[in-house]
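Breakdown of the fold
Listed below, chain by chain, are the residues.
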Amino acid sequence: MMHACNTEDIYCEALNPDEFKKKARKLACQTGTTIATGNSVVLFTMLLLQDILEQLAVDPITNLSNIITVANSIASLNSSIKIDP
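Quick look at the structure, then. (Residues numbered from 1 in each chain as written. Predicted model: local features only at pLDDT ≥ 70, side-chain atom pairs only at ≥ 80, totals over all residues. Heavy atoms only, no water.)

Looking at the side chain of Asn63
Within the secondary structure, Asn63 sits in the loop between helix H2 (31-56) and helix H3 (64-78). A distance of 3.1 Å separates the side chain of Asn63 from the backbone oxygen of Leu56, its partner in a polar contact. (Helix = DSSP H or I, 4+ residues; strand = E, 2+ residues; numbered from the N terminus. Polar contact = N/O pair within 3.5 Å; in protein donor to acceptor, adjacent residues only side chain to side chain.)

Here it is as structure tokens:
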């Protein structure tokens, strides 16, 4: 059972890397979960990049090379989204 960490804890069960590894291995065996998790990370990253792109678009002349870089990153991430079979 997980609990909140106290600053006095020498070993915090809530941040146990071995437990995370066990859970990750278990989830990785479930194709749908793996695909959904990967897609969530990709979509989250794409949304962050979209926000950055909007900020860069305020001054497109000065930020043109950065705008192109961010747009290319979003396009690359788009191709990594997986469809659950």
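Now that the structure has been shown, we can carry on.
Considerations on the nonpolar core
Counting residues in each nonpolar core, the largest one holds 7 residues, listed as Val42, Met46, Leu49, Leu56, Ile67, Val70 and Ile74. Mapped onto this core, the elements with two or more residues apiece are H2 and H3. Ranked by residue count, the leading element in this core is H2, at 4 residues. Excluding its chain neighbours within four sequence positions, the residues that come into contact with Leu56 are Asn63, Asn66, Ile67 and Val70. (Core = buried A, V, L, I, M, F, W, Y, C linked by side-chain atoms within 4.5 Å. Buried < 20%, exposed > 50% of the residue type's maximum accessible area, 1.4 Å probe, protein only. Contact = heavy atoms within 4.5 Å.)

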